[in-house]
Amino acid sequence: MRLKNIYILFLMVWSLGMVACKNWDDRLVSPSDSLGKNLFEQISAQSTLSTFKDLLIKTGYDKVLSSSNNYTVFAPSNDALNGLSTTILNDTSQLKAFVGNHIALMSHNVPVSDAASESLQMVNGKYYTLNKTTLGTATIASANTFASNGVLHTLSQSIAVLPSLWKYINTNQTGSLQNTAIANLTFQVFNANKATIDSISSTTGQPIYRAGTGLETVNAFTQNVYDLNLESKKYTYFQLKDASFLAEVEKLKPYFKTSTTDSTYRQSAFATIKDLVFEGNYSIDQIPSVLKSKFGVNVTIDKSSISQTVKVSNGVVYVLDKITVIPTEKFPTLVVEGENFVERMPVSIGSAVIAVRNRLNPVTNLISNSVSVIGHGNSGFWLRYQLNDVPSIKYKVYWVVINDLYNSNTAVAETAGFAINQKLAMASLSATTFAYPAAALPVKTYTEQLLGEYTVNSFGKLNMYLVANGTNAMSLDYIKLVPSF
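Note that the coordinates shown come from a computational prediction; the quantities given were computed from them, not determined experimentally. (Residues numbered from 1 in each chain as written. Predicted model: local features only at pLDDT ≥ 70, side-chain atom pairs only at ≥ 80, totals over all residues. Heavy atoms only, no water.)

Visitor: How should helix α11 (residues 261-273) be read in this particular structure?
Guide: It helps to recall that an α-helix has 3.6 residues per turn; residues three or four apart then point in one direction. For α11, built from 13 residues, the straight-helix expectation of 18 Å at 1.5 Å per residue is met to within 8% by its first-to-last C-alpha distance of 18 Å. Where α11 is concerned, the buried positions are Thr264, Ser268, Ala269, Phe270, Ala271, Thr272 and Ile273. On its buried face, α11 sits against α8 (177-183), α9 (220-224), α10 (242-252) and β13 (277-279). (Helix = DSSP H or I, 4+ residues; strand = E, 2+ residues; numbered from the N terminus. Expected span 1.5 Å × (residues − 1). Buried < 20%, exposed > 50% of the residue type's maximum accessible area, 1.4 Å probe, protein only. Contact = heavy atoms within 4.5 Å.)

Visitor: Looking at this model, I keep getting lost on the UniProt feature "domain: FAS1" (unreviewed entry) in the protein. Mind explaining?
Guide: When the UniProt feature table is mapped onto this chain numbering, "domain: FAS1" (unreviewed entry) sits at residues 36-159. With 27% helix and 28% strand, residues 36-159 has its two end C-alpha atoms placed 29 Å apart. (UniProt positions renumbered as here; feature names shortened; annotations may be inferred.)

Visitor: Is there a simple way to explain the environment of Leu334 in this structure?
Guide: On the secondary structure map, Leu334 appears in strand β19 (residues 334-337). Classification of Leu334 as buried rests on a relative accessible area of 18%. As a C-alpha pair, Leu334 and Leu383 span 49 residues in sequence and 18 Å in three-dimensional space. Each residue touching Leu334, except ones within four places of it in the same chain, is listed here: Leu387, Val390, Tyr395, Ile479, Lys480 and Leu481.

Visitor: Please clarify how the sheet that holds strand β30 (residues 474-476) should be interpreted in this entry.
Guide: Ordered in space as β21-β22-β30, the three strands form an open sheet in which the pairing is antiparallel. Sheet topology places β21 (354-361) and β30 at the edges, where each strand pairs with a single neighbour. Each adjacent strand pair in this sheet contributes to an overall mean axis angle of 30 degrees, direction not counted. Direction of pairing for strand β22 (residues 366-373) relative to β30: antiparallel, over a ladder of three bridges. (Pairing = 2+ DSSP bridges. Axes fitted to C-alpha atoms, helices over the stretch in contact; angles between N-to-C directions.)

Visitor: Even after reading the chapter, I still don't get the packing of aromatic side chains, so can you show me in this structure?
Guide: In this description, an aromatic ring pair is defined by two values, namely the gap between the centres and the angle between the planes. For the structure shown, the criterion picks out 11 aromatic pairs. Between Phe256 and Phe459, the aromatic rings sit 5.1 Å apart at their centres with planes inclined by 55 degrees, giving tilted as the arrangement. Here Phe459 lies in the loop between β28 (449-455) and β29 (460-468) and Phe256 lies in the loop between α10 and α11, a separation of 203 residues in the sequence. Of the two residues, Phe256 and Phe459, neither departs from the other in class, the shared state being buried. Pairing Trp382 with Tyr465 gives two aromatic rings, centres 5.7 Å apart and planes at 80 degrees, and the pair type is edge-to-face. In this pair, Trp382 is assigned in strand β23 (residues 382-390) and Tyr465 in strand β29, connecting sequence segments 83 residues apart. Exposure class is identical for Trp382 and Tyr465. Each is buried. Here the aromatic cluster, defined as three or more aromatic residues joined through ring pairs, consists of Tyr255, Phe256, Phe331, Phe459 and Phe485. Sitting over the ring of Tyr61, Lys96 keeps its end group 5.7 Å from the ring centre. Over the face of the ring belonging to Tyr226 we find Lys294, whose NZ or CZ atom lies 5.0 Å from the ring centre. (Phe/Tyr/Trp six-rings, centres within 6.5 Å; stacked < 30°, edge-to-face > 60°. Lys NZ or Arg CZ within 6 Å of the ring centre and 35° of its normal.)

Visitor: I keep staring at the pattern of salt bridges and nothing clicks. Help me out?
Guide: A side chain with one charge may pair with a side chain of the opposite charge, provided their charged atoms come close. Inspection of every chain in the model, using the stated rule, returns 15 salt bridges. The partner of Asp321 in a salt bridge is Lys241, with the nearest N and O atoms 3.0 Å apart. A residue pair is termed long-range when its members are at least 10 positions apart, and Asp321 in the loop between β17 (315-320) and β18 (323-324) and Lys241 in the loop between β12 (235-240) and α10 qualify at 80 residues. For Asp321, a relative accessible area of 33% translates into the label partly exposed. In this structure, Glu250 and Lys253 form a salt bridge, with 2.8 Å as the shortest nitrogen-oxygen distance. By relative accessible area, which is 46% here, Glu250 ends up partly exposed. Residues joined by salt bridges that share partners form a network here, namely Lys274, Asp275 and Lys330. (Salt bridge = Lys/Arg side-chain N within 4 Å of Asp/Glu carboxyl O.)

Visitor: Could you clarify how one ought to interpret empty space enclosed by the protein in this entry?
Guide: To find the voids left in a structure, one rolls a probe of water-molecule size over its atoms. Applying the stated rule across the entire model yields one cavity of 30 Å³ or more. Taken as a whole, the largest cavity spans an internal volume of roughly 60 Å³. In terms of lining, the largest cavity is formed by Glu248, Lys251, Leu252, Thr272, Asp275, Leu276, Ile323, Val325, Ile326, Pro327 and Lys330. Here the residues of the lining of the largest cavity are counted per class, giving six nonpolar, one polar and four charged. (1 Å grid on protein atoms, 1.4 Å probe; cavity = no way out; pocket = protein on both sides within 12 Å on 5 of 7 lines; lining within 4 Å. Points joined across faces, edges and corners; volume = space filled by probe spheres on them. Nonpolar A, V, L, I, M, F, W, Y, C, P; charged D, E, K, R; others polar.)

Structure representation (structure tokens):
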């Protein structure tokens, strides 16, 4: 009798559980009748997906979904595809991108937890977030129909193919000087992997490439700021209206003087734009009053000046009337390490003459490298340092010279053996901006010493020469250029 009561109780609990499961997730489909069919066969078997089936056939994805590779399909219902644009239907590439926008690589079940989500890469390269009820902005109507090569879900809406931020910029240049300025930051580089080899040099053993091959066009923005074509990342882009953009560029022109009006504009425009893109997809409510750019510049956003919002596949664009950026914030302190010289006086010297030393600076309590030049035997021996893309502004110039070179070290005393006497020549070897010191540099000085001020008159490359006074020894931890406004 006791066993009979336990059995009856078990049946009651099991029945209640089955009812609860059905109510909680009646969208889920049992796999028992579906694993023998591939994804295309599963879609073909559902009359509510007949329009999507026809699109699969038209684009060739029917063969893809009949293969042995695993995919996840988010099939829009016939009702969801009723209003599909004839422009898309009649354009092969657009239609293929649209259908591919609903097919993900690998198999992915809908998460069972409300808090769970997953970023999926679609076969057209776009990314969408999958959670329990939606893919991107589309509602999931039914979930987890299993097939022999993946999983099928159905959607109540289709998902439009949005352009990447990079494509948006390039296709929306009309009426936007800012977008045009980014698109025009292009130049050509040589890529040996794409070049045709005509022969091998008998002298050097190096390939001789066919003229005109291997050249490819790259963009300074994608190389130095962000690759806005990257679908796996999210960006927020602030696009200024033309009047505001030109006003920002004008503020920066004095700092980017070049030999031509055009190149000055290009450099000033780049310096403006590089601080108008931010990682992350900020909704308007999420935008803080001040954003810090990749380059450490504070940008104040007046949300009331946003006149248009444009969604792109990897972020969002805000068109706005104004921003607030303090121009001087765009110019950081420049530092060149002593060991990073790019050239030396072309004379014969011993291998031990130039040495890189690792020292603990007792002032900062940091270990750093410094260069020393001892016994070079050449009057005016020099090392050349180079900075690129230096703005045309005034700098305070500092250096740290560690004079702790000794012939002998004992517990009683240290005997200085190398007098360090040197100067820094700015822009050219013969420059006299900073003179030689009257005497050898102080022993064991670890603090920064101000040499004076120097004005860079033209934006671009700046050479600096560390020059020995006669045949004296030289030493350098670093050179620092601090903007002086």
